[in-house]
Amino acid sequence: MLRSRIVGTGSAVPKKVVTNHDLEGLVDTTDAWITSRTGISERRIAVNEPCSELASRAGKAALKAADVSPKDLDLIVVGTVTPEMTFPSTACLVQAHLGVRPGATAFDVSAACSGFVYALDVADKFVKAGAHKKALVIGVDQFSRIVDWKDRSTCVLFGDGAGAIVLSAEKGARGVLSCHTHSDGRHWEMLYANGPHQSSHFDHGHHKSPYLRMHGNETFKIAVRTMGSAITEAMEANGLKGEDIDLLIPHQANLRIINAIKDRLKLPDEKLYVNLDRYGNTSAGSIPLALDEAVREGRLKENDTVLFVAFGGGFTWASAVARW
Ligand code: COA
């Protein structure tokens, strides 16, 4: 059976580190509040480094790790909701930056913090269908551009970052085993960013704000519930029990959400990858950035089972299981 195997990973974060203490000078908050409520200590903020540049750096690193030439790529799918331009897509800009073969297929997927797993699902289906042989899948976001830096309830949560993987069409047992994606648009007002190009439909009241707006408590509860159900669905689809998971890489939004999921699954700490203390919530960048760090730390060995689970605005949620 044809599968898409993850043959390389890469990531990129901006140089500028913004600590919780730095934010104390910006809004009425404290390091103690942010750390205890979220687990975040610092985040990276992009300065003069557009989304496509971060995405390209992550993509280049993944290609190098995979030992795949950009000339051999035939598909680029980027999960992002913070492209620097309305069009072209970030994927087309990455294609140009990396010198990927003209004529390849490149497009973006919009699913907020679930963007990477959605992009992976799409690319995996293209590869499995035999349409493409080598795909670059990137998750990237720069929420520093869309958060309201005067709103302490949201600006402390997010950071900028990108991660990438290279998929290769291969026969065998290793590779992506399943992807499941879901959404429920009824709750869109719980977490949204209207953006600078507002629709006239939303020209009244609070929707006029171009910034990210979130109902934190409701979002928290729905995130725990939907990520839990996404994990159950992924495990059932593959006949897996908790002990069969070698590494769980959850969307890095809040340590309390991650711990709630960990307790539900009764997973030991060593089977969970967490780096949100250093990056905050990097939206679509979060899972592939964590995956790349886990790989570089030697946390995955051949034939290990890795589970990704994501949640984001929309609401959207998604899971993927891969045999390493
Ligand atoms: N510093 C200090 N106090 C803050 C604060 C900050 N940065 N942000 C909010 N507060 C205050 C609130 O104003 C509130 O004060 P009040 O009781 O006087 O009204 C108090 O802290 C408690 O707020 P609450 O919203 O109940 O806190 P919480 O324990 O629910 O934590 C979040 C808030 C945002 C951390 C939490 O709801 C969360 O993580 N939600 C999910 C967010 C998320 O993951 N979104 C992305 C999904 S992809």
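This text goes with the structure placed above it.
Counting starts from 1 at the beginning of each chain's written sequence and moves along it residue by residue. Only residues with pLDDT of at least 70 are given local features in this predicted model, and only at 80 or more are side-chain atom pairs given and counted; all residues enter the totals for whole chains, interfaces and linings. Side-chain numbers here rest on the full set of heavy atoms in the structure, without hydrogens or water.

A.B. asks: Looking at this structure, how should I read the overall build of the protein chain?
C.D. replies: Working definition: helices are DSSP H or I runs of at least four residues, strands are E runs of at least two. Numbering for both runs from the N terminus. In terms of regular secondary structure, the protein chain is built from 10 helices and 13 strands. The C-alpha radius of gyration computed for the protein chain amounts to 18 Å, which stays within 12% of the reference 20 Å derived for 324 residues, consistent with globular compactness. Considered along the principal axes of its C-alpha atoms, the protein chain spans approximately 55 × 45 × 35 Å. Residue burial is assigned from relative accessible area. The probe radius is 1.4 Å, only protein chains are included, and a residue is buried under 20% of its type maximum, exposed over 50%, and partly exposed in between. Burial statistics for the protein chain: of 324 residues in total, 56% are counted as buried. The long-range share in the protein chain, meaning contacts at least 24 apart out of those at least 6 apart in sequence, stands at 76%. Values of accessible area rely on a 1.4 Å probe in the Shrake-Rupley scheme; residue burial ignores everything except the protein chains shown. For the protein chain, the accessible surface area stands at approximately 13700 Å², while carbon and sulfur atoms represent 52% of it. For the protein chain, the separation between the mean place of its 37 positive charges and that of its 37 negative charges on side chains is 3 Å. Here the globule rule reads 2.2 Å times residues to the power 0.38, and the radius of gyration is calculated from C-alpha atoms. Any two residues whose heavy atoms approach within 4.5 Å are treated as being in contact. The convention is simple: Lys and Arg are positive, Asp and Glu are negative, and His and the chain ends are not counted. Note on charges: their place is set at NZ of Lys, CZ of Arg, CG of Asp or CD of Glu.

A.B. asks: Help me understand the pattern of salt bridges in this model?
C.D. replies: A side chain with one charge can pair with a side chain of the opposite charge if their charged atoms come near. For this document, the term salt bridge refers to a Lys or Arg side-chain nitrogen within 4 Å of an Asp or Glu carboxyl oxygen. In total, this model carries 13 salt bridges according to the counting rule given. Salt-bridge contacts for Glu170 lead to Arg5; the nearest nitrogen and oxygen are separated by 2.7 Å. Here Glu170, found in strand β7 (residues 160-171), pairs with Arg5, found in strand β1 (residues 2-12); they are 165 residues apart in sequence, far enough to count as distant. Judged by its relative accessible area of 25%, Glu170 falls in the partly exposed class. The salt bridge involving Arg213 is made with Asp151; its shortest N-O contact spans 3.6 Å. Pair noted here: Arg213 is in strand β10 (residues 212-214) and Asp151 is in the loop between β6 (134-142) and α6 (152-155), with a separation of 62 residues, a long-range link. The exposure class assigned to Arg213 is partly exposed, which follows from its relative accessible area of 23%. Through salt bridges with shared partners, a single ionic network connects Asp148, Asp151 and Arg213.

A.B. asks: How should I be thinking about helix α10 (residues 286-296) in this particular structure?
C.D. replies: A turn of α-helix holds 3.6 residues, and therefore any two residues three or four places apart point the same way. Among the 11 residues that make up α10, nine are buried, leaving the element largely enclosed by the rest of the structure. When α10 is considered as a whole, its buried residues turn out to be Ser286, Ile287, Pro288, Leu289, Ala290, Leu291, Asp292, Glu293 and Ala294. Downstream of α10 by a residue or two, Gly298 has a phi angle that is positive, lying close to 75°.

A.B. asks: Is there a simple way to think about the site of the ligand in this case?
C.D. replies: Around the ligand lies a shell of 23 residues, among which Thr29, Arg37, Arg152, Asn217 and Asn254 are the nearest. Trp33 has a polar side-chain atom sitting 3.4 Å from an oxygen atom of the ligand. Between the ligand and Arg256, the relevant distance is 3.5 Å, taken from an oxygen atom to a side-chain nitrogen or oxygen of the residue. Notes on the ligand: free accessible area 960 Å², of which the protein chains cover 73%. Among the secondary structure elements, those contributing two or more residues to the shell around the ligand are α2 (31-38), α6, α7 (216-237), α8 (255-265) and β12 (305-312). Broken down by element, the residue count for the shell around the ligand peaks at four residues, all from α7. Domain delimitation follows an automatic or database domain assignment. Here the shell around the ligand spans two domains, and each of domain 1 (2-172) and domain 2 (177-323) adds at least three residues to it. The near set for a molecule or strand comprises every residue that places at least one heavy atom within 4 Å of it. Counting of polar contacts relies on pairs of N or O atoms within 3.5 Å, with two restrictions inside protein: one atom must be capable of donating a hydrogen and the other of accepting it, and residues adjacent in sequence are counted only when both atoms are side-chain atoms.

A.B. asks: Mind showing me how you'd approach the sheet that holds β6 here?
C.D. replies: In a beta sheet, neighbouring strands are held together by backbone hydrogen bonds and run either parallel or antiparallel to one another. When DSSP finds two or more bridges between two strands, those strands count as paired. Here we have five strands laid out as an open sheet, ordered β1-β7-β6-β4-β5, and mixed in their pairing. What marks the edges here is a single partner per strand, and that holds for β1 and β5 (105-109). Neighbour to neighbour, the strand axes of the sheet diverge by 20° on average, direction disregarded. The pairing of strand β4 (residues 75-79) with β6 spans five bridges and is parallel. Directly across from Val77, in β6, lies its bridge partner Val137. Most of the contacts of helix α4 (residues 90-98) go to β5, to which it runs at about 135°, and overall it touches β4, β5 and β6. Along the sheet, α10 makes contact with β1, β6 and β7, crossing β1 at roughly 90°. Interaxial angles span 0 to 180 degrees and are taken between N-to-C directions of axes, which are lines fitted to C-alpha atoms, for helices over the stretch in contact.

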